[in-house]
Structures are given as structure tokens and as C-alpha cells.
Amino acid sequence: MSNATPPVEALTEAEAAEELATLAAEIAHHDRAYHQYDAPEISDADYDALRRRNAAIEARFPALIRADSPSARVGAAPESGFAKLRHRVPMLSLDNVFDPADFAEFCARVRRFLGRTDPLSFVAEPKIDGLSINLTYEHGRFLHGATRGDGMEGEDVSANLRTMDAVPQRLRGHAPALIEIRGEVFMTKADFLALNEAQAAAGGKIFANPRNAAAGGLRQLDARITAGRNLSLFAYAQGESSEPVAETHWEYLQRLQAWGFTVNPLSRPLAGEDAAAAFQAEMAADRAALGYDIDGVVYKIDDLALQRRLGFVGRAPRWATAWKFPAEQATTVLKAIDIQVGRTGALTPVARLEPVNVGGVLVQNATLHNEDEIARKDVRIGDTVILQRAGDVIPQIVSVVTERRPADAVAYVFPDICPACGSHAVRPPGEVVRRCTGGLICEAQLVERLIHFVSRTAFDIDGLGEKTIQEFHALGWLHSPADIFRLPEREAEIATREGWGKLSARNLARAIEARRTIPLERFIYALGIRRIGEANARLLARHYGSYVNWRAQMIAATVVGSDERLELGSILGIGPTIAEELADFFGEPRNRATLDTLTAELTVEDATQVETADSPVAGKTVVFTGTLETMTRPEAKARAESLGAKVTDTVSKKTDLVVVGADAGSKARRAAELGVQTVTEAEWRTLAGID
Ligand code: IVH
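Values in this document were obtained by computation on a predicted structure and should not be read as measured data.

## Quick look at helix H12 (residues 443–454)
Helical geometry: 3.6 residues make up each α-helical turn, so side chains three or four residues apart lie on a common side.
Working step 1: Here H12 spans 17 Å end to end across 12 residues, near enough to the 16 Å set by a 1.5 Å rise per residue.
Working step 2: When you tally the buried positions in H12, you get nine out of 12 residues, the bulk of the element.
Working step 3: Those residues of H12 that fall on the buried side of the exposure criterion are Gln445, Leu446, Val447, Arg449, Leu450, Ile451, His452, Phe453 and Val454.

See the structure below:
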């Protein structure tokens, strides 16, 4: 949005309709860029501003709300609509065993079935927790590939599989005319963590475990997303084949490698049950150190002729079993609950634990998610808790062993003070997250806030980008926004820093000096108060006119029920929720102090008023009450505002005019009590120059 965008109040109906259409297309485009291609083209703040602008126009012209309105939609449409592909040979699942006795029983069954008494030969393969796929090759060329689906047919994800390095497009050497090759698509722990970090930074979906991340990466309608997800593949089984390719499974694995597939390097041929038990113990010990999640070991009878004789029962082969590891749980003591403050001010509780080994990893911290979660599980400091590693990565507290609760353990009280800066931490109704209100003073949020402060749509300081803010903050030069205006004093010092020179330091100092004068709406927006994007900043600036007035009114509005609070909440496009955010901000004395030091460095320009001086209602505070017959309430408000009037919802001593529609009640009475002038709808139309 450019600065030339007219205020919503000044739009005609035709202009509004046109802009809503443009916004719907524009927002849908950015949704796709973000959700489907993982490639956002604009900042979150700019994106939010577009949505707010859309919402503000819709609020003023409800009749123009489009069927494809972005307000009715969150993010991009869910993925679906893959074509179905039938597997030539069904894709089966595996039976599980959990201990040596179960495994011995499996072996005994196999021997009984085959009428043999000699030791069995197996191939052991780590069981990866990913998703299985079926790849079809014709004359050595990749034809198509599908997910397992219901075992008979799956989803055609060929385009996505083609983006994966681990899926050969051509098989090397001789290959059958037709062959189905099966394997597991998965994500390494490192790729999973990196993906979640990137998703978190972009405000995107966080995956619970590598399996979900891999599945999400493969089941994308846009293959470009799959390409960016670093998916891996271990090949391990066969489906249809137009000619035999091996006599043993081990030999088959060698063929897979020769064709260009990756076979899990830990796979091993084993002679006898005892060797299997030893391998199981070895894998259980090595599990935590592997770069990917495994949840057991698959044991397959090596001889393919025997496999054919053994066949299937139900949906699982008789010739293989998955020996699962026991659930990774441990019991330990919760020593403390620490509150971490995120970059956006969110307070997250972290459990500090008596260190304990969970499946080979020493765990001393676990997430407690949020305050509701603590209350739901009634987790108390001193409690003995059962810990579990979900998806092998993020440890969680499953439950409390209440029998072991110390007599003096008290229910945990979630702090309402930010541990990083001491400001109030508030939890808006309907939200699970409690947030620090000390945006400008809270060290935990400072860098993020300063980056916003200098961004293009805020103070727009050339040469002061994200990296520079981080650099100067690390040097201890930036503790609050006002410090930015003290950077010119450090020009000489900046010039000597790596990557800087005399010229760039001078240019930076000039760019900062050039911004000592700033329009009120940009100033308000730059503060980064929650929910105050460009559109709302503009509404506030227009309504309050000057910085001094805005500051005074906001401080008065911190009092719930005050006229100023009601006035703030009744500004078209603001509403009570946003009024509360502003009140929270101004309710924090140190935010006010920070504002004062900042404005001491600046000249904040008054908001430019629309050219309406000749209207009889210009500068008047108007209240509409009762049912209007010739226009909707939002339309009437908008009209009044476009003539330079201030429209509020409450009648007070400051009200100049009350427009009384049909069935008007208490407001009309209050106007009479206070001696405020009232007019009928028809009189209002004349005043406003409509008729
Ligand atoms: S063989 C007919 N081998 O485990 C046998 N499966 O619980 C088909 N899995 O659906 C499977 N690693 O997704 C086989 N080395 C491995 C495996 C493996 C993981 C998965 C696969 C299968 C599931 C069965």
C-alpha cells in the first residue's frame, strides 16, 4: 500500500468495490506465495496491513463484502485433489513384536509353517518412521509414484517425487521392463529442526515430528514446495516385477543400490534369532545418535523363495515382523518452571527437570506449552512427572505421579509480570498465550521491535536494516527506539567498523537525521503496538490529530469505562479489543517514559485533515442513534467522517450533535439531559448535503 492510499472514510462506493476486488486478488496471491510456495514476497507487517485495509473497507461497506473475501479465509485452501494410482501389488503393513519372547514366537511360527528346525536367516533394517511410497519404473525410467493410501491405491505424487534427489529418474544398468520399488520417505532430525525454525520465523505451521513434516512435504499440490523440503528416501521392498531380480532380500538390496537407490547402511544380514536379539539391543543403544527417527527394527526372512512360500495373513506378511522399541518414557522431578519471553512477547513456560535419560538422550528441559496446559495437568514444582520424547525430538511432560507429590506443593500460578522486563503480561480473552506489554522496553522483544521501527512502512531509515540493528544492539548501543537518534553521534566509530566506511556511516547519520520529523500516523504505526498496523494507525492519527492529544487521550483511556476509553473503542475500525491493546500499552508507565524520551528527539507532525472545512459538520463530534431509514449506520458514519466529523458511539459533554433515528432510546435521552443538539435523519441529510 502506498502512502497515497486514501483513507477508507474518503472512499466512494465504486472505489471501495474496486479496491476490495484488488485486495482479494492481492491477498490471495500472497497467501499462495506464503503457504504453497513458502516464498513470501512481502513482510508480515505489510501483509497484515493489506488484510486490515480490507477489513476496514468491509466494515464501512458491508454490502460490498465479496464471496471470495479474504476475511472469511485463513491462509491458502487446504491441499487435496491428487489423482489416485493403483498399486500393481498391494502395499502391506507389518505385524509388531515388543520383546524377545514375542520375537521367538514369530520365529517359531515361521519354522512351523515351513516345517524347518534349522536357524532362520534374516535381513534386519532399521524401521524408519516416515511414509511408504511405491515407485514404478518402465524400462528403467521413472514412470510414476504413489503414497501407500489404503494399500490398494494411493495418491499420485509423481511430480513431487521427481523433485527428490533420492528418487532416480533412470535406473543404472539392466532393469526389468516393469518394476515397482518401495521405500520410506523421511526427513532427518536436522532438516526437521531447520524446517521448524524457518517456519517459526515466517510465522508458519510448526510440525510436531519429522514424520508429519515429511508427509506434509510430499503431499503438496505444488511440487516446488516439496523440492524445498529436503526429503530423504531409503528403499527396502519390492512390488511387481516383470522378471526376477534376486534370490535373497540381501541380494535385492544390493540391486537397489546398483540402480541408484539409497539403502539404509545399517541394514544387515543375520543368521539366527540370537543374532537378531543382539542387533536389536545394538540399535536400541545407537538409536538416539542416529540422524533420523527409528521406532524399531524390521526383520525379514532373507530367502525370497521362502518369502513366497510363507505369503501373507490378513494385511501383513508372514515372512517379516517389526520389533518395536519400548516407548521412550522416564520419570523425573520438576525442579522449576521458567518463563521464556519470545520475540513477539509471548510467555512460554519451560519445565526445568532433574536430568534424566530418555531413550539415550539426557533431558533437563521440557515444554509446558502454555498456562492452560499447566493447569490441565496440574503440574506443580516438586512434582514427580512422567516424561516422553515425542517424535524423538521435543520432550513433553505426559502426566504427574500424584502419589509422589510433596505435601507442600502448591498449584502453579502463572506470572502476570514479564520476567524479562517487569511489565504487565496480559492474556486477551479467547487467547491461550499471555504476552508482555512492554514491547519497547522489553529486552526479549527489543530487536524485533526496532527492526519494525525502522522498516520501510514505519520510520523508513535507509541503511538501517535488520542486520545493522542486530549489530548495533549486540554492541550495547540500542536499548530503546530513542537510541536510534543518538547513532549519528557515533558516526566516526561506525565508520571504522567492518563493512562500514566514512561514506556509509555519513549516509546512515543523514538518513537518521532526515527522519527526525515524522507524520503522526507513521509514528503510531512504528511503535509496533499489537494490532496497530498502518490502517489503524491512520485511523488513530486522523481521529486524534496531534501527538500530544493522542498521548493524553490514550492515558485517559487506560481507565476502563472512561469517556476516552469508550470514544477510542467506538472509532470506526478500532473497536473495544484494539482499544484494550492500546490501553495495555499506555497503562505501562515505562512505555510512556520510553515514548517521552523518543518524542524528545522528534517532531511528530499533526495528521492532515481532509479538505472539509466548509462543511457545517467539520470538526464536530457526532453520534448516530436509533434506526436510520435511508442509509446504513456504517454508511452514515462514513459520510460524516468524510465531511470531517468525528463519529463516536457514546453521548458525552463533548458530543456536538446526535442524529436520532427511529426507536432511539437512552442516547437520545442522554443528549436531552446534557443539552446536546439533536437532529432527525432528514435534517441530517440536509446538513450533510446529501439531498
Ligand atoms: S517392509 C510387506 N521395511 O513400516 C512389508 N517397512 O509398519 C512392507 N517401514 O508400511 C513393509 N521401515 O511404512 C518395511 N525397512 C522397512 C521399513 C518399513 C519402515 C514402514 C512402512 C510400513 C510400516 C509397517
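## Topic: the confidence of the model for the chain
Working step 1: Averaged over all residues, the pLDDT of the chain equals 88, while 94% of them reach at least 70.
Working step 2: Model confidence for the chain, summarised as mean pLDDT per element, is weakest for helix H22 (residues 633–642) at 74 and strongest for helix H8 (residues 249–259) at 98.
Working step 3: Within the model, the stretch residues 75–79 combines pLDDT values under 50 with 11 contacts to residues more than four positions away or in other chains.

## Regarding the site of the ligand
Working step 1: The local shell around the ligand consists of Leu92, Leu94, Glu125, Pro126, Lys127, Ile128, Ser132, Glu184, Tyr236, Val298, Lys300 and Pro317.
Working step 2: Contact with the protein chains removes 87% of the 530 Å² of surface that the ligand exposes when unbound.
Working step 3: In this structure, the ligand is accommodated by the second largest pocket.
Working step 4: Those elements that place two or more of their residues in the shell around the ligand are strand S3 (121–128) and strand S10 (294–301).
Working step 5: If you tally residues by element for the shell around the ligand, the top one is S3, at four residues.
Working step 6: Taken together, the residues that form the shell around the ligand break down as seven nonpolar, one polar and four charged.

## Observations regarding the environment of Pro488
Working step 1: Inspection of the secondary structure puts Pro488 in the loop between helix H13 (466–474) and helix H14 (491–495).
Working step 2: Sequence separation between Pro488 and Trp323 is 165 residues; the distance between their C-alpha atoms is 67 Å.
Working step 3: Those residues in contact with Pro488, other than ones at most four positions away along the chain, are Ala509, Ile512 and Glu513.

## Section: the pairing of strand S13 (residues 320–324)
Looking down a regular strand, the side chains alternate between one sheet face and the other.
Working step 1: Most of S13 sits inside the fold, with five of its five residues counted as buried.
Working step 2: Side chains of S13 alternate between two faces, with Ala320, Ala322 and Lys324 and Thr321 and Trp323 buried alike.
Working step 3: The pairing of strand S2 (residues 96–97) with S13 spans two bridges and is classified as parallel. For Val97, the partnering residue across the bridge sits in S13 and is Trp323.
Working step 4: The sheet contact formed by S10 and S13 spans five bridges and is antiparallel. Bridge pairing links Lys300 to Ala320 in S13.

## Here's the deal with the layout of surface pockets
A water-sized probe rolled over the atoms picks out the places where empty space is left.
Working step 1: For the second largest pocket, the calculated volume is near 1,100 Å³.
Working step 2: The wall of the second largest pocket is formed by 45 residues, among which Arg182, Ala237, Gln238, Lys300 and Trp319 lie closest to the centre.
Working step 3: At the level of elements, S3, strand S4 (131–138), strand S7 (178–186), strand S8 (232–241), H8, S10 and helix H10 (304–310) are the ones that each hand at least two residues to the lining of the second largest pocket.
Working step 4: With eight residues, the top contributor of residues to the lining of the second largest pocket is S8.
Working step 5: Within the lining of the second largest pocket, the residues separate by chemical class into 23 nonpolar, 12 polar and 10 charged.

## Overview of the state of the cysteines
Working step 1: Within the structure shown, the criterion is met by zero disulfides.
Working step 2: Cysteine Cys418 shares no disulfide, and the gap to the nearest cysteine sulfur, in Cys436, comes to 3.6 Å.
Working step 3: What makes Cys418 buried here is its relative accessible area of 2%.

## Observations concerning unusual backbone geometry
If a residue is not glycine, its phi is most likely negative; likewise, a peptide bond is most likely trans.
Working step 1: We note that Asp460 has phi near 50°; this positive angle belongs to a residue other than glycine.
Working step 2: Of note, Asp460 is situated in the loop between H12 and H13.
Working step 3: Of the residues examined, Asp460 reaches a relative accessible area of 23% and is grouped as partly exposed.
Working step 4: The phi angle at Arg531 is positive, at roughly 70°, despite the residue not being glycine.
Working step 5: Looking at the element boundaries, Arg531 is found in the loop between helix H16 (520–526) and helix H17 (534–544).

## Some remarks on the sheet that holds strand S23 (residues 621–625)
Working step 1: The four strands are arranged S24-S23-S25-S26 in an open sheet whose pairing can be described as parallel. Two strands lie at the open edges of the sheet, namely strand S24 (646–648) and strand S26 (677–680), each paired on one side alone. Strand-to-strand twist across the sheet, computed as the mean angle between neighbouring axes with direction ignored, equals 30°.
Working step 2: Sheet topology places strand S25 (residues 657–660) next to S26; four bridges connect them, and they run parallel. When the bridges of S26 are listed, Val658 appears paired with Thr678.
Working step 3: This element, helix H23 (residues 666–674), spans S23, S25 and S26 of the sheet and lies at about 140° to S23.

## A few points about the nonpolar core
Working step 1: Among the nonpolar cores identified, the biggest contains 57 residues, and Ile484, Phe523, Leu540, Trp550 and Leu568 are the most heavily contacted of them.
Working step 2: Tallying contributions element by element places H12 first for this core, with six residues.
Working step 3: With 37 residues, the next largest nonpolar core counts Phe82, Ala214, Leu256 and Leu304 among its residues.

## Here we look at the sheet that holds strand S9 (residues 268–271)
Working step 1: On the basis of which strands lie adjacent, the open sheet formed by five strands has the order S2-S13-S10-S3-S9 and mixed pairing. Each end of this open sheet is capped by a strand with a single partner; those strands are S2 and S9.
Working step 2: Running at roughly 175° to S13, helix H3 (residues 100–114) makes contact with S2, S3, S10 and S13 of the sheet.
Working step 3: Packing against the sheet, helix H9 (residues 273–286) makes contact with S3, S9, S10 and S13, and its axis sits at approximately 160° to S10.

## Description of H9
Working step 1: Between its first and last C-alpha, H9 extends 20 Å over 14 residues, near the 20 Å set by a 1.5 Å rise per residue.
Working step 2: Taken together, the buried positions of H9 are occupied by Ala276, Phe279, Gln280 and Met283. Mapping the buried residues of H9 onto a view down its axis gives an arc of 105°, with all of them on the same face. For H9, the exposed residues set more than 90 degrees away from the buried face come down to Asp274 and Ala285.

## Describing the packing of aromatic side chains
Working step 1: Considering all chains together, one arrives at 22 aromatic pairs under this definition.
Working step 2: When the ring of Phe103 is compared with that of Trp323, the centres are 4.9 Å apart and the planes differ by 20°; the resulting orientation is stacked. Here Phe103, found in helix H3, pairs with Trp323, found in strand S13; they are 220 residues apart in sequence, far enough to count as distant.
Working step 3: Look at Phe103 and you get buried, because its relative accessible area is 2%.
Working step 4: Judged by centre distance (5.5 Å) and plane angle (75°), the ring pair of Phe234 and Tyr292 falls under edge-to-face. Taken together, the positions of Phe234 in strand S8 and Tyr292 in the loop between H9 and S10 put the pair 58 residues apart, joining distant regions of the chain.
Working step 5: The buried category is assigned to Phe234, whose relative accessible area is 9%.
Working step 6: Given the relative accessible area of 11%, Tyr292 is considered buried.
Working step 7: Put simply, the rings of Phe103, Phe106, Phe122, Tyr299 and Trp323 pair up and form one aromatic cluster.

## Thoughts on the side chain of Gln280
Working step 1: Along the polypeptide, Gln280 turns up in helix H9.
Working step 2: Judged by its relative accessible area of 6%, Gln280 falls in the buried class.
Working step 3: In this structure Gln280 touches Val297, Tyr299, Trp323, Lys324 and Phe325, once residues within four positions along its chain are discounted.

Reading the values: the criteria
- Residues numbered from 1 in each chain as written.
- Predicted model: local features only at pLDDT ≥ 70, side-chain atom pairs only at ≥ 80, totals over all residues.
- Heavy atoms only, no water.
- Helix = DSSP H or I, 4+ residues; strand = E, 2+ residues; numbered from the N terminus.
- Expected span 1.5 Å × (residues − 1).
- Buried < 20%, exposed > 50% of the residue type's maximum accessible area, 1.4 Å probe, protein only.
- pLDDT = per-residue confidence, 0-100.
- Contact = heavy atoms within 4.5 Å.
- Near = heavy atom within 4 Å.
- Areas by Shrake-Rupley, 256 points an atom, 1.4 Å probe, with all protein chains shown as cover.
- 1 Å grid on protein atoms, 1.4 Å probe; cavity = no way out; pocket = protein on both sides within 12 Å on 5 of 7 lines; lining within 4 Å.
- Sits in = over half its atoms within 2 Å of the grid points.
- Nonpolar A, V, L, I, M, F, W, Y, C, P; charged D, E, K, R; others polar.
- Pairing = 2+ DSSP bridges.
- Points joined across faces, edges and corners; volume = space filled by probe spheres on them.
- Disulfide = S-S within 2.5 Å.
- Axes fitted to C-alpha atoms, helices over the stretch in contact; angles between N-to-C directions.
- Core = buried A, V, L, I, M, F, W, Y, C linked by side-chain atoms within 4.5 Å.
- Arc of directions from axis to C-beta.
- Phe/Tyr/Trp six-rings, centres within 6.5 Å; stacked < 30°, edge-to-face > 60°.

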